[in-house]
Amino acid sequence: MAKAVPKEFIAKMSGLLGEEETAKLLEALNHPMEHGLRVNTGRMSVEAFLALSPWKVTSIPWCPSGLYLNEDAVADPPSRHPLYYAGAYYLQEPSAMLPAAALPVRPGDRVLDLCAAPGGKSTALAEKLKGEGVLVCNDISASRAKALIKNLELFGVSNAVVTAETPEHLAGVFEHYFDRILIDAPCSGEGMFRKSSAMISDWSEEKPMEYAAIQREILPHAIRMLRPGGMLLYSTCTYSPEEDEGSVQFLLEHPEAKEMGLRLAEIPYCPGFLPGDPKWTEGGSDDLVKTVHMLPSRVRGEGHFAALFTSGEAKEPSPESREPSPSVYRLSSDPKKVAGNLRSFEKKYPDFADFCRSANILWDSSRLSEQSGYLSYLPDAYDLPGLKGLRVMRRGLFLGEIRKNRYEPSQALAMTLSPDSFGNCLKLSLTDERVLRYLRGETLEYEPGEARDGWVLITIGELPLGFGKAKDGRIKNKYLPGWRIGA
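All values reported here derive from a predicted model rather than from experimental measurement. (Residues numbered from 1 in each chain as written. Predicted model: local features only at pLDDT ≥ 70, side-chain atom pairs only at ≥ 80, totals over all residues. Heavy atoms only, no water.)

A. Geometry of the nonpolar core. By size, the foremost hydrophobic cluster in this structure holds 39 residues, and its most contacted members are Trp-62, Leu-98, Leu-103, Leu-125, Cys-137 and Phe-273. With sequence-adjacent residues up to four places away left out, Leu-125 is seen in contact with Ala-100, Leu-103, Val-105, Val-111, Asp-113, Leu-135 and Leu-182. By size, the runner-up hydrophobic cluster in this structure holds 36 residues, among which are Leu-112, Val-161, Ala-185 and Ala-257. (Core = buried A, V, L, I, M, F, W, Y, C linked by side-chain atoms within 4.5 Å. Buried < 20%, exposed > 50% of the residue type's maximum accessible area, 1.4 Å probe, protein only. Contact = heavy atoms within 4.5 Å.)

Have a look at this one:
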């Protein structure tokens, strides 16, 4: 049955696109939405995933790690598969993969995802950082930020700071700090008409200007946080020129943006992309043709818009401070070196020190932080400003809790590990029935030689699932209750 799209929306699109293109758009809105996943390339290559995938998938042109899910995924939902629980992929609508894919991020960069929840774009940015530099993920809603944290932890992201703040408060702390900023702005959601009938019923002629006003409150604060030479990606999931070309033009004309030399950059073209139109906004710059509209009548995806900005000449930090950062942890074959590094805090946290020693993990003790019994490992960012006064939900990698001097390692820590980086593992095959038993929170059994007594990392091959406590052939399940199948 045809979707009852408001006649005012149809008239507006006809004025912008012409009647023929609008007819194609309305026809596309009556087809099922597209589904996709993005492989976590921090865990495995796309080729390795394809060798394991039980679904028929095809490549998404604008995202190298993105794959379309075909009809067979309906009968075998990817959200219930063990590989999902191992953080092997993120389920994401295909057009929503464009913004993070189009923002050039390098290992070691300082990156901000300003409107980050639920985490699809943040996890993609984290993959590009490869554990180096810092990723600040913000969402003004603390409840949405909790979902964001789970997705970052599931992906094994170790160098993220999660905040629940207004852009204004963030700008007061991070002035001219970030190399890269992504703003997937709140919008009227016209591009989600096919995904949600509620978006259609909620639409009104006034919505685009209401959201354009919100976007134009956010954008100046984002400019304050971009360093000279940095890049900013602005995106929405709407077709509305008030929120798309109009907000881009607003940013180009902002005094601070002009002072920085902010200008539009090309987004790599894919077949079906519709260039932005300078005529769709008052005084539109000719460079608006460098922006991109995605319509479900032209691409296999929903509605999206993206604009990439680059600023003036870069002011690079000193070469010494821009050397590649070390990974969150590194192995050492020298027990004396491990013991020496732990000595600075082992008196205060003896059980944690024993855990690290038994796992043969070498930490930089200067990056350890403890607050009310919660241990974190801070991002290795040489100039990360103080965060006092901000509502911070996560500071780097959450390592676990100290309870009456006993250390309980976290699920987040488990998801950064592998058989190569944790000495005691129960390495299961994808078809081993113990995988699903573990994900349900059940006690496991193991044979002699499969694992040793003590903390054990449960994995599917090289992919982590979580911790257990092994003793005498049985493993007490330590998988986080809120993550379990059926939770």
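B. Structural view of the pairing of strand β24 (residues 463–471). Across the 9 residues that make up β24, a large majority, 7, are buried. Alignment of strand β23 (residues 454–460) against β24, held across 7 bridges, turns out to be antiparallel. Residue Val-456 lies in a different strand from β24, and its bridge partner there is Gly-468. Hairpin connection, β23 to β24: the antiparallel pair is bridged by 2 residues, and Gly-461 has positive phi, about 60°. Taking the residues between adjacent antiparallel strands as the criterion, β24 and strand β25 (residues 474–477) are bridged by 2 residues, where Asp-472 takes a positive phi near 55°. (Helix = DSSP H or I, 4+ residues; strand = E, 2+ residues; numbered from the N terminus. Pairing = 2+ DSSP bridges.)

C. Highlighting the side chain of Asn-159. Locating Asn-159 in the fold gives a position in the loop between α8 (142–154) and β7 (160–163). Here Glu-132 takes part through its backbone oxygen, which lies 3.1 Å from a polar atom of the side chain of Asn-159. Within the structure, the side chain of Asn-159 is placed 3.4 Å from the backbone oxygen of Gly-133, a separation counted as a polar contact. Beyond its immediate chain neighbours, meaning those up to four positions away, Asn-159 contacts Leu-129, Gly-131, Glu-132, Gly-133, Val-134, Leu-135 and Pro-379. (Polar contact = N/O pair within 3.5 Å; in protein donor to acceptor, adjacent residues only side chain to side chain.)

From the geometry alone we can't say anything about function, so treat these as descriptive.
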